[in-house]
Amino acid sequence: MSKPISEFDIHDYIPFRLVVTQTKMHASLKPEKADGAKAIADLPQTEFRILVLLASKGPMQPSAVAEVYGFDRAMVTRALANLAKKGLLTNERQENNQRSKIAVLTDLGREYAEVEFGVLRRYGQHLDSVLSKSEKAQLFEMLDKLLIANEQFEP
């Protein structure tokens, strides 16, 4: 049996801690237990995130969706196609540029998002209850600092 590399403790690695936190937090949402929740519980995380973003911000170009989350453009294109197959959005051509498409939620997509927003609101209130307003502001400030440092990193 091989020994771990003692010089590197994965639990002290910020990206690891963020991924574990995000994964466990997302798993805690359990939209399948929410009243009226349907297939949204079956959406992969990427599709879930895109659906919520579009419901929150309105119609968007795929490139804008990719930029918000830092997703690969091909991943966004596949997720949008899957959401369209499920009847949750449509990809409409823009009036000012017929070659460019914009993702728009359908009525069904808006219904699903409304149910999900109820779950997100309750979960957000629960998390807010353990942090003071200043702690939440500090957390957001630290996350913003990490994003800036990430953009400046050269491997």
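Residues numbered from 1 in each chain as written. Predicted model: local features only at pLDDT ≥ 70, side-chain atom pairs only at ≥ 80, totals over all residues. Heavy atoms only, no water.

Looking at the overall build of the protein chain
Argument step 1. If you tally the helices and strands in the protein chain, you get six helices and two strands.
Argument step 2. Taken from the N to the C terminus, the helices and strands of the protein chain come in the order α-α-α-α-β-β-α-α.
Argument step 3. Counting across all 155 residues of the protein chain, residues that qualify as buried make up 25%.
Argument step 4. A separation threshold of at least 6 residues defines the contact pool for the protein chain, and within that pool the share at least 24 residues apart is 51%.
Argument step 5. If you sum the accessible surface of the protein chain, you get close to 11300 Å²; carbon and sulfur atoms cover 55% of it. (Helix = DSSP H or I, 4+ residues; strand = E, 2+ residues; numbered from the N terminus. Buried < 20%, exposed > 50% of the residue type's maximum accessible area, 1.4 Å probe, protein only. Contact = heavy atoms within 4.5 Å. Areas by Shrake-Rupley, 256 points an atom, 1.4 Å probe, with all protein chains shown as cover.)

Remarks on the environment of Phe117
Argument step 1. Here Phe117 is to be found in helix α5 (residues 107-128).
Argument step 2. It is 9.1 Å that separates the C-alpha atoms of Phe117 and Ser56, two residues lying 61 residues apart in sequence.
Argument step 3. In contact with Phe117, not counting residues within four places along its chain, are Val52, Ala55 and Ser56.

Quick notes on the layout of surface pockets
Argument step 1. Taken as a whole, the largest pocket encloses approximately 1800 Å³ of empty space.
Argument step 2. Along the walls of the largest pocket sit 35 residues, with Leu18, Thr21, Gln22, Met25 and Leu143 positioned nearest its centre.
Argument step 3. Listing elements by their share of the lining of the largest pocket, those giving two or more residues are α1 (14-28), α2 (45-57), α3 (62-69), α5 and α6 (133-152).
Argument step 4. For the lining of the largest pocket, the residue count by class is 23 nonpolar, six polar and six charged. (1 Å grid on protein atoms, 1.4 Å probe; cavity = no way out; pocket = protein on both sides within 12 Å on 5 of 7 lines; lining within 4 Å. Points joined across faces, edges and corners; volume = space filled by probe spheres on them. Nonpolar A, V, L, I, M, F, W, Y, C, P; charged D, E, K, R; others polar.)

Description of the packing of aromatic side chains
Argument step 1. Within the structure shown, the criterion is met by two aromatic pairs.
Argument step 2. Judged by centre distance (5.0 Å) and plane angle (25°), the ring pair of Tyr69 and Phe71 falls under stacked.
Argument step 3. Accessibility expressed as a relative area gives 31% for Tyr69, which makes it partly exposed.
Argument step 4. Note on Phe71: relative accessible area 15%, which makes it buried. (Phe/Tyr/Trp six-rings, centres within 6.5 Å; stacked < 30°, edge-to-face > 60°.)

Section: the pattern of salt bridges
Argument step 1. Within this structure, the stated rule accounts for four salt bridges.
Argument step 2. Linking Lys86 and Glu47 is a salt bridge whose minimum nitrogen-to-oxygen distance equals 2.6 Å. Here Lys86, found in the loop between α4 (73-85) and β1 (89-93), pairs with Glu47, found in helix α2; they are 39 residues apart in sequence, far enough to count as distant.
Argument step 3. The class of Lys86 is partly exposed, set by a relative accessible area of 40%.
Argument step 4. Taking the shortest distance from any N to any O, the salt bridge between Arg121 and Glu114 comes out at 3.9 Å.
Argument step 5. Here Arg121 falls in the partly exposed class, since its relative accessible area comes to 47%.
Argument step 6. On the basis of relative accessible area, Glu114 is assigned to the partly exposed category, the value being 48%. (Salt bridge = Lys/Arg side-chain N within 4 Å of Asp/Glu carboxyl O.)

Quick look at α5
Argument step 1. The end-to-end C-alpha distance of α5, which contains 22 residues, comes to 31 Å, matching closely the 32 Å that a straight helix rising 1.5 Å per residue would cover.
Argument step 2. On its buried face, α5 sits against α2 and β2 (101-105). (Expected span 1.5 Å × (residues − 1).)

Concerning the side chain of Glu47
Argument step 1. For Glu47, a relative accessible area of 4% gives the class buried.
Argument step 2. A polar atom in the side chain of Glu47 sits 3.1 Å from the side chain of Asn82.
Argument step 3. Filtering out sequence-adjacent residues up to four positions away, Glu47 remains in contact with Ala79, Asn82, Leu83 and Lys86. (Polar contact = N/O pair within 3.5 Å; in protein donor to acceptor, adjacent residues only side chain to side chain.)

Observations regarding the nonpolar core
Argument step 1. With 23 residues, the main nonpolar core has Ile50, Leu54, Val65, Val76, Leu80 and Leu89 as its most contacted residues.
Argument step 2. For this core, the secondary structure elements donating two or more residues are α2, α3, α4, β2 and α5.
Argument step 3. Counting residues per element, this core draws most heavily on α2, which supplies six residues.
Argument step 4. Those residues in contact with Leu54 that sit more than four places away from it in its chain are Pro59, Met60, Val65, Leu80, Leu89, Ala103 and Leu105. (Core = buried A, V, L, I, M, F, W, Y, C linked by side-chain atoms within 4.5 Å.)

As far as function goes, none of this settles anything; it's purely spatial.
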